[in-house]
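Each chain, letter by letter, is given below.
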Amino acid sequence: MAAKYLEELEQAAFDYLGEGYSVIPMTCQKKGMVPWAVYQTRLPTPREVKGWFEGRDRGFVIAIVLGRIAGGLWVLDLDGGEAVKWAEANCPQTGRKVKTPGGGEHWYYVLPAGTDPDSFLNDTNVVPWAFENSPPNPRTGKKPAVDIRGSGGCAIAPPSMRKGRKYEWIATGEPTAWSIRESGLLAPPGRLARAPAPAQPPPRAPAPLRGRPPARGGRVRLEDVVLDVDVSGRLPEDPAREGERNKALAKLVGTWIAAGLDQETTKSLALAWNAGNIPPLTEKTIAATVESISRTHERRHKVEVPKGPEPGGGGAKPAPGLPVPPEILKPGGLLEEIVEYICRSTYTAPPLFALAMAICYVGTLMGEKVLTSTGLRTNMYVITLARSGSGKEGPIEAVKKLMHETGTAAGNLGASMLASSAALMSSLVANRNQLLLVDEIGDFVGTVKNVHNPHKTELIKDMKELFSSRGLRDKKYANSKQNFTIPWHNVCLYGTGVPSALWGALTMDDLKGGFIARTLIFDLDVEARDPEEGEIDESISQSLYDKVRGLNDIPRLFKDQFMKCPDPPKIPMTREAASIAKEFGDKYRKLQNSVSSQNFLDGIYGRVAELGRKLALIYAMSRTADGSAATSMPAAVEEEDVRKVVDLLEWHVPRVIEKIRDNVAYNSQDALKRRILAAVNSRKWLPESAAYRLSRDCNHRQVVDALNLLTESEEIAYVVTNGKKGGYIPYRREGER
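On to the environment of P280, then. Within the secondary structure, P280 sits in the loop between helix 5 (263–274) and helix 6 (283–301). C-alpha separation for the pair P280 and R245, spaced 35 residues apart in sequence, amounts to 8.2 Å. P280 has contacts with R245, N274 and A275, leaving out every residue within four places of it along the chain.

The next point concerns the pairing of strand 14 (residues 381–385). Counted residue by residue, strand 14 has five buried out of five residues, so it is predominantly covered. With burial as the criterion, each face of strand 14 is covered, one bearing Y381, I383 and L385 and the other bearing V382 and T384. With five bridges connecting them, strand 14 and strand 18 (residues 490–497) associate as parallel partners. Note on strand 18: the bridge partner recorded for I383 is G495.

Now for the state of the cysteines. Counted by the stated rule, this structure contains zero disulfides. Of the cysteine sulfurs around C492, a residue in no disulfide, the closest is that of C360, at 5.7 Å.

What follows covers the side chain of T496. Residue position: T496 is located in strand 18. Setting aside its immediate chain neighbours within four residues, T496 contacts T384, K392, E393, I396, V438, D439, E440 and I441.

Further remarks concern the sheet that holds strand 23 (residues 727–730). Pairing in this open sheet of three strands is antiparallel, and the strands run 21-23-22 from one edge to the other. Strands at the two margins of the open sheet, each flanked by one partner only, are strand 21 (686–687) and strand 22 (716–719).

Here we come to the packing of aromatic side chains. Under the defined criterion, the tally for this structure stands at twelve aromatic pairs. Consider the rings of Y381 and F515, whose centres lie 6.0 Å apart with planes at 40°: the pair is tilted. Of this pair, Y381 sits in strand 14 while F515 sits in the loop between helix 15 (508–511) and strand 19 (519–523), placing them 134 residues apart in sequence. You'll find Y381 and F515 in the same group, each marked buried. Put simply, the rings of W74, Y109, F120 and W178 touch in pairs and so form one group of aromatic residues. Here the guanidinium or amino end of K97 rests over the ring plane of W107, the centre of that ring lying 4.0 Å away. Taking the ring centre of F120 as reference, the NZ or CZ of R181 above it sits at 5.1 Å.

This paragraph deals with the pattern of salt bridges. One pass over the full model with this rule turns up 22 salt bridges. A salt bridge links K50 to E10; its shortest N-O distance comes to 3.2 Å. With K50 in helix 2 (residues 46–53) and E10 in helix 1 (residues 2–18), this pair connects stretches of sequence that are 40 residues apart. The salt bridge involving D586 is made with K582; its shortest N-O contact spans 2.8 Å. One end of the pair is D586 and the other is K582, both in helix 17 (residues 575–593) and four residues apart, which spans about a single turn.

Right, let's get into the confidence of the model for the protein. Confidence along the protein averages 77 in pLDDT terms, with 76% of residues attaining 70 or more. Contacts from residues 188–235, a stretch scored under 50 in pLDDT, to residues over four places away or in other chains number 96 contacts. Predicted confidence is poor over residues 302–322, with pLDDT under 50, and the contacts of this stretch with residues over four places away or in other chains come to 41 contacts.

Moving on to the packing of helix 7 (residues 333–346) against helix 9 (residues 394–406). How two helices pack is summed up by the angle between their axes together with the distance between the axes. Closest axis-to-axis distance for the helix 7/helix 9 pair is 9 Å, and the angle between their directions is 110°. One way to sum up the angle between helix 7 and helix 9 is to call them roughly perpendicular. The handedness of the crossing between helix 7 and helix 9 comes out as right-handed. Counted together, Y341, I342, S345 and T346 of helix 7 and G394, P395, A398, V399, K401 and L402 of helix 9 form the full contact between these two elements. Of the residues belonging to the contact of helix 7 with helix 9, the class tally is six nonpolar, three polar and one charged.

So, about the environment of Y545. Turning to its location among the elements, Y545 is positioned in helix 16 (residues 542–552). Under the relative-accessibility criterion, Y545 is labelled partly exposed at 32%. Once the C-alpha coordinates of Y545 and L402 are considered, the two residues, 143 residues apart in sequence, prove to be 8.5 Å apart. The contact partners of Y545, leaving out residues within four places of it in the chain, are E405, T406 and I540.

What counts and what doesn't
Counting from 1, residues in each chain are numbered in the order their sequence is written. Per-residue local features of the predicted model are confined to residues with pLDDT of at least 70, and side-chain atom pairs are confined, for both listing and counting, to 80 or more; whole-chain, interface and lining totals are unaffected and use all residues. Processing note: side-chain calculations cover all non-hydrogen atoms of the structure and skip hydrogens and water entirely. A run of DSSP states H or I qualifies as a helix once it reaches four residues; a run of E qualifies as a strand once it reaches two. Both are numbered from the N-terminal end. In this analysis, two residues are considered to be in contact whenever any of their non-hydrogen atoms come within 4.5 Å of each other. Exposure is judged per residue with a 1.4 Å probe applied to protein chains only, and the accessible area is read against the type maximum: over 50% gives exposed, under 20% gives buried, and values in between give partly exposed. Paired strands are those between which DSSP finds at least two bridges. The criterion for a disulfide is a pair of cysteine sulfur atoms lying within 2.5 Å. Here the aromatic set is Phe, Tyr and Trp, taking the six-membered ring for Trp, and pairing holds for ring centres within 6.5 Å; pairs whose planes are under 30 degrees apart are stacked, those over 60 apart are edge-to-face, and all others are tilted. Geometrically, a charge over a ring is one whose NZ (Lys) or CZ (Arg) sits within 6 Å of the ring centre while staying within 35 degrees of the ring normal. We define a salt bridge as a side-chain nitrogen of Lys or Arg found within 4 Å of a carboxyl oxygen belonging to Asp or Glu. Across the chain, each position has a pLDDT score giving the predictor's confidence in that residue, from 0 to 100. Axis definition: a line fit to C-alpha positions, over the contact stretch in the case of helices; interaxial angles, taken between N-to-C directions, run 0 to 180 degrees. For this classification, under 35 degrees means roughly parallel, over 145 means roughly antiparallel, 65 to 115 means roughly perpendicular, and everything else is oblique. Take the far helix as your reference; a near helix turned counterclockwise from it by less than a right angle gives a left-handed crossing, and one turned clockwise gives a right-handed crossing. When residues are sorted by character, Ala, Val, Leu, Ile, Met, Phe, Trp, Tyr, Cys and Pro go into the nonpolar class, Asp, Glu, Lys and Arg into the charged class, and all the rest, Gly among them, into the polar class.

The structure is reproduced here in structure tokens:
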């Protein structure tokens, strides 16, 4: 019985929502089950409505929110038969009525045009003149009452049930336009006397109730609910003064975003409000606040996770139950032999990370020996992210051993820690072809961004330029004796870390710089495995040894500073391979042109084709490696090489975009907010002084603004206990433990 009732009630809630009415859940004692002030200004989302019914095994009721959100709808609540008789004799008939379980009725009216719905407030125990001298009810001792349900109130709606009886529709027609406060029926003095409201635009006429709710499977969608948002009169008349502006802005923006306004409209309203402030906030601050609160709102109420471009053109599809499509993990040739060796010798290393390491290693072996048909080198930047203990460091140790055993470490193994840009350039002067194996890459990225470490701030910029620049690489200093000229370079990077360290060190502004766009990032949620569960075999097969040595023995063309030596040979693509590569590149160039140049997607889409050409040449070299320096060079990049690369990138790019959207901070203040929120949620209590210690490069004012935004959006709550110094705790909503 209870399950059937809840199912019927849920369907009715979606029906009212589909008609454009804001609904809320209430207990049978007429108490709100959720904080519902927000639903007086916006409709609940279908996801929110669905959540009210999940896990419920006992009944409750639903109510329609009245007032402006319902187009000026109000209800005359007639308590008992005497009140109904009085209404029939004194009030105009209306086309919409409900029978209540207690024998009374709800008569629905709409306010006449020109009446401000916000001035027609909810009021209870109103005694009409006709009842002034009537005897009290012998059972309750009270006179018959007429309650007004207006702005700030709600009315329980059918098919809700109380005390075993249901609310039922008597009439479902159009409500009559009428205001009881202007009728003279109520006692005039005191609290009921109100001055006439100023003229307002006529309220939206409520939509007629169209019978029963839609059947299951025909639920209303969020995008089908029309939000009739009126922002007139919502701007504060008094300007905000310095010290109060950010808090006032956050509150206003939160209200507008919750009401369904898009970011552009919200920003325009915020700029109009900001013009009267003393002094006004900067436009950048306005834009950042709108973006931050909008992202928080989307994260709480998102219906679907934003995706990047869908795989196409024969791209590999993820296999059920597997984190990575199996085709990607079978690259063939030397790459696959290295993957097999890494997984066998470490056991805990995820196969995708082993493939990432193999790509960097083969790209290093090919440095200064071969170019793509467009003149690109085979240097690759790859970052692998996973939780601690998942084996992400295993590929580093395995390849170090492979490099030493095959004699390729001396000419190719670079530093694992870089102290400064000058240190990197000095090492490249001595060895232009290097594989950098960096652990805890997130800390590295965070450190080089810190303005308090000037010797490291140039590192990311240098790495970005080393990826794409051709020929000479100059580094000029004030002291001319420290200047560097590197005639040819091929630097590969393999970095590992935990996801929170890398994403937490980045902002959207950092992504626009281009370093992340040049990097393959594999972020996997893999569990740690005990190495003792499997047998580790560190032996290097003869085939693997010979192929590595064969690539390493291909002569390099060493250029001097005057570029006198010829370029390495360019490996062409077959006609079929070139056709696939062009189609793949055109797709991402089209996506790049479709977004703003200030959007982080611009850089990511713009580098996909370049990454694809580098990878295709690495795959081709892997396929033809046969242990002989004379015959290991491919004649051309084949169709199969390009298709394997397309499979990898079509799987990889959308996932990187999704990770960025979900994890990367919008700006430095957003990053600070994330650090504070993570600390509060992990510790359950954060003293105010500890919040300031998390600020890193932010000043006191920025910390205050971040804390205000977090408390306004109800992410954290500020508490003071027993006179002690206050602090912050995770915000708990009604019903949460």
